[in-house]
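For reference, the chains in residue letters:
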Amino acid sequence: MSCWRPGLRKKLLPYLDGVLTPPEHSSVEAHLLGCVSCREALWRIRMGRRMAQQIPRVSPPETSEAAFRALAPRVTAKAEDRSRRSWSWPDCLERFATPRVVLILAAVIIVQLAFFALFSRKVLLGERSLSSNGISYSYLHGFRSISIQDIRLDIQPHIATEGYVKDVHLNRSEGVIAFRLVSQPNAMKPFVVCEILRPMQLTVPEDGSHVRVYGVSRYDAQRNHDWYEVNPVLGIAQLPR
Amino acid sequence: MVGASSAYRKFREKPDPDWERRTVLAIQGGELEWFATLYDAYYHRVYNQVLYSIGDELQAQDLLQSIFLKVFRGLRYFRFESSLSTWIYRIARNECQDFSRRKRPPLVPLELIRGRNEEMDSRALSEDQHAAQERFGIIHRAVMQLPVKLREVVVLRYLEDLSYEEIANVLACSSGTVASRLSRALEALAKRLCPLRESL
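Keep in mind it's a predicted model, so treat the numbers as computed, not measured. (Residues numbered from 1 in each chain as written. Chains lettered and ligands numbered in written order. Predicted model: local features only at pLDDT ≥ 70, side-chain atom pairs only at ≥ 80, totals over all residues. Heavy atoms only, no water.)

Things to note about the pairing of strand S3 (residues 176-182) of chain A
Residues and elements named next belong to chain A. We count it as follows: Only protein chains enter the accessibility calculation, which uses a 1.4 Å probe. A residue is then buried if its area is under 20% of the maximum for its type, exposed if over 50%, and partly exposed in between. Labels follow the DSSP assignment, with helices taken as runs of H or I lasting at least four residues and strands as runs of E lasting at least two, numbered in each case from the N terminus. Two strands form a pair only when DSSP identifies at least two bridges running between them.
For S3, the tally of buried residues reaches 6 of 7 residues, placing the bulk of the element in the interior. The pairing of strand S2 (residues 158-171) with S3 spans 6 bridges and is antiparallel. Bridging from a neighbouring strand, Val 165 pairs with Leu 181 of S3. With antiparallel pairing between neighbouring strands as the criterion, S2 and S3 make up a hairpin whose turn holds 4 residues, including Gly 175 at a positive phi of roughly 65°. Bridging between S3 and strand S4 (residues 191-196) involves 6 bridges; their strand directions are antiparallel. What sits directly across from Phe 179, in S4, is Cys 194.

What follows is the structure, encoded as structure tokens:
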């Protein structure tokens, strides 16, 4: 017959040893009255305990004096070695590399890696050209991400928007490189015109490439224009196609 | 080594935290001769823990030396966050575990070939002594047949007289786990030694 309260089984020995609290003691005692299986287990544990109390202590083949004589030169050598180089690397490691310190260091490293992974995820995942443009990602981090079709709703000037490059155009006299950014590779609309001004040393993206553009958004209301622009473009990141 | 045996005797009866503290502070202060006293006080206890853990006298003797060397090395940084005995038992336990992991080829204990010292003694044993020795041999073998995890709690509890909390400290587990392992070990011992129970 098996016990219906297996949790009490592990309290049988503490019960025999008298180390249970009074409520636990009473609860085990009450259970024993109605549980044959636990009474049998208690009997076995009591028998086992009687036998365990007779486990023989084995005498070592050597006396402790003789054994220590063999160890003493190593202990003395260790002590002399220690006094010679009390602040060596192994010594410092031994002193400070406690489990607690190692755990704390590991936790700090993990948190730093997590931050690195979080903030540089986009760079790692494809924004390879960002650093080559000489613009740090942290500088562009505050730019608001927005889709091309929603730029008209934007009220924040610094934006980041993604799309495909079309019609790259170089105006040598004004020193401006302009291109359209469309949301789908084969669509012409919606689009936004992006302008790279002369002082910016940006790599001009290839036609059809998938990029994220960082810059200042504005509406161009000149004659024959009537579109939204990212002008000036401050950064271009290549994305996977 | 003056007074070492009396220190050990006192220790066997009741571990004395004051004695431990004074000894450790003296060693930390560079008085190496105190290490001999400490060694003597723990020599038999750690030897038994190691022997019951790995089951080989010669290896136990070797292991004992490396354990005490580690104790000596670590004593400088001992800050009394646990009792000295718990700390030493923990070092011994880790050494035994490392030893078992290294998986050296099993050695045939010399005593199996030549017999134990007691068996080699030429003087004749009385009938009672002979019966007691046989009984100890049977209990010893029954303990050695337990899995290591159960064996170590039995040895620490019934040979070294540690409390559940102290054993939990040595083994880095909870007191509940200690109680549960002990119960299993004792039940297993009772089953193995059932035929002996009348004589016990």
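A look at the interface of chain A and chain B
Think of interface size as the accessible area that goes away when the parts come together; that is how it is often given. We apply this condition: Residue contacts follow a heavy-atom distance rule, with two residues in contact if any of their heavy atoms lie within 4.5 Å. Buried area: the accessible area, evaluated with a 1.4 Å probe, that two parts lose upon being put together, summed over both parts. Throughout this description, the term salt bridge denotes a Lys or Arg side-chain nitrogen within 4 Å of a carboxyl oxygen of Asp or Glu.
Across the contact, 41 residues belong to chain A and 49 residues belong to chain B. Between chain A and chain B, roughly 4400 Å² of surface is buried when both sides are summed, and carbon and sulfur atoms account for 65% of that area. Along the contact surface separating chain A from chain B lie 3 salt bridges. Across the pair Arg44(A) and Glu187(B) runs a salt bridge whose closest N-O atoms are separated by 2.8 Å.

Quick look at the nonpolar core
For clarity, the cut-off: Each nonpolar core is a collection of buried residues, namely Ala, Val, Leu, Ile, Met, Phe, Trp, Tyr and Cys, held together in the definition by side-chain atoms within 4.5 Å.
Of all hydrophobic cores here, the largest spans 83 residues; its most connected members are Phe35(B), Leu38(B), Val46(B), Val50(B), Val71(B), Leu75(B) and Leu84(B). A total of 13 residues in this core trace back to one element, the largest contributor, which is helix H3 (residues 33-54) of chain B. Those residues in contact with Phe35(B) that sit more than four places away from it in its chain are Phe68(A), Leu71(A), Val75(A), Ile27(B), Phe68(B), Val71(B), Phe72(B) and Leu75(B). Formed by 17 residues, the second largest nonpolar core is a distinct cluster that contains Ile146(A), Ile148(A), Val165(A) and Phe179(A).

Comments concerning unusual backbone geometry
Residues and elements named next belong to chain A. The omega torsion of the bond from Lys 189 to Pro 190 falls at -10°, within 30 degrees of zero and hence cis. By the element assignment, Pro 190 lies in the loop between S3 and S4. Look at the link from Asn 231 to Pro 232: it is a cis peptide, with omega at 0°. Tracing the backbone shows Pro 232 in strand S6 (residues 227-238).

A few points about the pattern of salt bridges
By the definition in use, this model includes 12 salt bridges over all chains. A salt bridge links Arg180(A) to Asp167(A); its shortest N-O distance comes to 3.7 Å. Residue Arg180(A) is found in strand S3, and its partner Asp167(A) is found in strand S2; the two are separated by 13 residues along the sequence. In this structure, Asp98(B) and Arg101(B) form a salt bridge, with 2.9 Å as the shortest nitrogen-oxygen distance. Of this pair, Asp98(B) and Arg101(B) both sit in helix H5 (residues 84-102), 3 residues apart, roughly one helical turn.

Quick notes on the confidence of the model for chain A
Residue and element names in this part refer to chain A. Stated formally: Confidence of the predictor in every single residue is expressed as pLDDT, which spans 0 to 100.
The share of residues in chain A with pLDDT of 70 or more is 84%, and the mean pLDDT across the chain is 81. Within chain A, no element has a lower average pLDDT than helix H7 (residues 129-132), which sits at 46, and none a higher one than helix H1 (residues 12-17), at 92. Note that pLDDT drops below 50 for residues 124-132; the model gives that stretch 25 contacts with residues more than four away or on any other chain.

Section: the state of the cysteines
Residue and element names in this part refer to chain A. Applicable threshold: The disulfide criterion used throughout: a pair of cysteine sulfur atoms within 2.5 Å.
The tally for this structure, following the rule as stated, stands at 0 disulfides over all chains. The thiol of Cys 38 is unpaired, and the distance to the nearest cysteine sulfur, on Cys 3, comes to 3.6 Å. Given a relative accessible area of 0%, Cys 38 falls into the buried group.

Details of the packing of aromatic side chains
Stated formally: Here a Phe, Tyr or Trp ring, Trp counted by its six-membered ring, pairs with any other such ring whose centre lies within 6.5 Å, and the pair is stacked when the planes are under 30 degrees apart, edge-to-face when over 60, and tilted otherwise. Placement of a charge over a ring requires the Lys NZ or Arg CZ to be within 6 Å of the ring centre, with the centre-to-atom vector within 35 degrees of the ring normal.
For the structure on display, the rule yields 8 aromatic pairs over all chains. Between Phe78(B) and Trp87(B), the aromatic rings sit 4.9 Å apart at their centres with planes inclined by 45°, giving tilted as the arrangement. Residue classification places Phe78(B) among the buried residues on the basis of a relative accessible area of 5%. Three or more aromatic residues link up through ring pairs in this structure, and these residues are Tyr39(B), Tyr43(B) and Phe68(B). In this structure, Arg180(A) is placed above the aromatic ring of Phe191(A), and the distance from its NZ or CZ to the ring centre is 4.1 Å. The aromatic ring of Phe80(B) is capped on one face by Arg21(B), whose charged end is 4.2 Å from the ring centroid.

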